[in-house]
Each structure stands twice: as C-alpha cells, then as structure tokens.
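Working through the structure, step by step
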Amino acid sequence: MNKTYEVRPEQSVELLKELHILTRDGKMNQDSRRKLKQVYHLFQFIEPLLQAVAEDHPDISLVDHGAGKSYLGFILYDLFFKLVARQGHIWGIETREELVTRSRELATRLGFDGMSFLNLSVADSIESQALPPQIDIVTALHACNTATDDAIRFALARKAHFIVLVPCCQAEVAAELRKTKGAAVGKSALAELWRHPIHTREFGSHLTNVLRCLQLEAHGYQVTVTELVGWEHSMKNELIIASYKNQPRAQAAKRLETLLIETGLEALAERFFTNKPTIAD
Ligand SMILES: C[S@@+](CC[C@H](N)C(=O)[O-])C[C@H]1O[C@@H](n2cnc3c(N)ncnc32)[C@H](O)[C@@H]1O
C-alpha cells in the first residue's frame, strides 16, 4: 500500500481526472490527496479478496450494484484487473441510463475492455441472463434504500464468494417499526429503543444492518463489520464484508427469526429470511 498517497506509475491519469482526483491540468492538491487516500483506503479492503479469487482462477467476475458513476468499478479495474486479472470482468448495475452511457463511453476511451454496464435495477439483475450464473465478488457501495438487500439476494443467487456492502439509508424497516411500535411498546421495555421518531429512524437503520448480517451468516457466510473511515459525501460508513465458508449457521437463522418477531417485523420475513433464491443456469 502506498502510504504517501501519490499517484502510482501504472495508474490511468485520464481516469483520475475523470474522477476529479486530479485537476484538468493533472495537478495534485490537498483535496486530491484526500480523495486518493479514500480510494486507497477502500481498495485496501477489496484487494485481498481479489487476490484470494485470483489465486484460484484469473477470470475474476465482479458485479457492482448501484454503480452510479462507477467510481468503485473503475478504481478496481485500474488498480487490479488491468494489471493482475486481464481475463477478469466487472459489471456495473445502474438504473440511471445517462450514467450507464457515460461509464460505457469512459471505459471505451480508457481501453478498459473488461468492463460492462447494464441499465438494470438490482432486483431485475438477479434473474438477468446478461450476467454469468456464478459471480466471485459482489459489491454495493451506498446503493439506495433496499437496493443493498437486493444485492444480497443477487449474491446468494449467484453463489458469490465475497460480498462487500456499504449500505445507504434503508427506510423500509423504520417504516414497519413505525406501524407496529404501539403494540411493541405495550409488550416490552426494549421497544423504548425505537419509541421516539428520531430513534425509530436510527434504530431502524441499525437493525437493518444487524438483520443483513444474520441473513448472511444463516446462508453460510462469515461476516465482519467495520468502518469505512473518511469516505467522502456520506455519513453512512458501515462496511460489511462477507466471505462464503459453506457453513450455514442455524443459530443465526434462529436469532434472525426471533429478532423479527420481537421487533414486530414479521411482515419483512421474506426480505431478510430468504431461502436461497435460485436462477435458471
Ligand atoms: C448514492 S449513489 C452511489 C453510487 C456509487 N456506488 C458510489 O458510491 O459512488 C446510488 C446509485 O444507485 C442507483 N440506484 C438506486 N437504486 C437502484 C436500484 N434499485 N438498482 C440499481 N441502481 C440503483 C442510483 O441511481 C445511484 O446512481
């Protein structure tokens, strides 16, 4: 890892300009150095996963959900795929057509021919035949609301080895807590944790990620939760990394079920307590 946060010789200067990390005239200022530091920080978490897959096979497949301007995909391609995994492929999934078009144009201009962009919702990508049935790594960085949950369903369906999530706000759990909290407060003192409106929102957001972690553990993943410090333009910096160990945990499934019942979220059982979704090969 480059601790001085300078541009590496093999990095694409054109890409760094497109990502506004370097100025139009290729200069590096304090702000650029900060952005580059964030990029390296995120890459530091994903590089070992890419290395682990590359040791098994060079044609690594990675799908990035809610790709936006495909910041993450381009960085991963430039710092890893271009150098180490030329046979690999990155797909960006994004609902905004203009961003898909822009990313396709940029990839063509940079000669990043192992990158594709699909104008699809995450939910629709689960069944899409445009993607291979097995995907090594699934990422979703600030994918809005329930798109992170759909990314988890996608990863389970495509038997991903690794899942990297930085969830965005998820409103669905808080909305359901709001509906059921009257009854919950009557039943248990623990419901005080989400009785006040601001707590309903904050607790809903926290509970969402707890449920996601249990869901992943129930499906055989080992989960680590950490913080993606310093990532720009977001207050939401929880980083969830899941590695498939083929050890479905009955205890996690049981805890997930209990939590859903005790917080009055039975209506969301299908969202979190999914059987493994299947796709036609
Ligand atoms: C906050 S941006 C994050 C972009 C990028 N991942 C990043 O961190 O820089 C979220 C992106 O997800 C896209 N998006 C939201 N819901 C989606 C869905 N259900 N399926 C696919 N893309 C979605 C939005 O259009 C937006 O570009």
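Everything quoted here is computed from the prediction, not taken from an experiment.

1. Focus on the site of the ligand
The immediate surroundings of the ligand are formed by 14 residues, with Gly66, Glu94, Val122, Leu141 and His142 found nearest. Take Gly66: an N or O atom from its main chain is 2.8 Å from a nitrogen atom of the ligand. One nitrogen or oxygen atom from the side chain of Glu94 is found 2.6 Å from an oxygen atom belonging to the ligand. Look at the ligand: alone it shows 600 Å² of surface, and the protein chains cover 77% of it. Taken together, the residues of the shell around the ligand sort by class into seven nonpolar, five polar and two charged.

2. Some points on the nonpolar core
A general trend in soluble globular proteins is that nonpolar side chains are found buried together. With 43 residues, the main nonpolar core has Ile46, Leu50, Phe74, Leu76, Phe81, Phe112 and Met115 as its most contacted residues. Counting residues per element, the ones that place at least two in this core are helix H1 (13–18), helix H2 (30–56), helix H3 (71–84), helix H4 (97–110), strand E3 (115–118), strand E4 (137–141), strand E5 (162–166) and strand E7 (238–244). With 10 residues, the single largest contributor to this core is H2. Among the nonpolar cores identified, the runner-up in size contains 27 residues, and Val138, Phe154, Leu165 and Ala242 belong to it.

3. Let's talk about the environment of Thr180
Within the secondary structure layout, Thr180 lies in helix H7 (residues 171–187). Thr180 sits 16 residues away from Val164 along the chain, and the two C-alpha atoms are 31 Å apart.

4. Re helix H8 (residues 197–218)
Between its first and last C-alpha atoms H8 spans 31 Å; for 22 residues at 1.5 Å apiece the expected length is 32 Å, and the two agree. Just beyond H8, the residue with positive phi is Gly220, at close to 95°.

5. Focus: the sheet that holds strand E6 (residues 221–227)
Strand order across the open sheet formed by seven strands is E3-E2-E1-E4-E5-E7-E6, with mixed pairing between neighbours. With partners counted over all chains shown, the strands left at the sheet margins are E3 and E6, one partner each. Sheet twist, expressed as the average angle between the axes of neighbouring strands with direction ignored, equals 15°. In terms of strand pairing, strand E1 (residues 61–65) meets E4 through four bridges, oriented parallel. Looking across to E4, one finds that Val63 is bridged to Val138. Each of E1, strand E2 (89–93), E3 and E4 touches H3; the most contacted strand, E2, lies at about 175° to it.

Reading the values: rules and limits
- Residues numbered from 1 in each chain as written.
- Predicted model: local features only at pLDDT ≥ 70, side-chain atom pairs only at ≥ 80, totals over all residues.
- Heavy atoms only, no water.
- Near = heavy atom within 4 Å.
- Polar contact = N/O pair within 3.5 Å; in protein donor to acceptor, adjacent residues only side chain to side chain.
- Areas by Shrake-Rupley, 256 points an atom, 1.4 Å probe, with all protein chains shown as cover.
- Nonpolar A, V, L, I, M, F, W, Y, C, P; charged D, E, K, R; others polar.
- Core = buried A, V, L, I, M, F, W, Y, C linked by side-chain atoms within 4.5 Å.
- Buried < 20%, exposed > 50% of the residue type's maximum accessible area, 1.4 Å probe, protein only.
- Helix = DSSP H or I, 4+ residues; strand = E, 2+ residues; numbered from the N terminus.
- Expected span 1.5 Å × (residues − 1).
- Pairing = 2+ DSSP bridges.
- Axes fitted to C-alpha atoms, helices over the stretch in contact; angles between N-to-C directions.
- Contact = heavy atoms within 4.5 Å.

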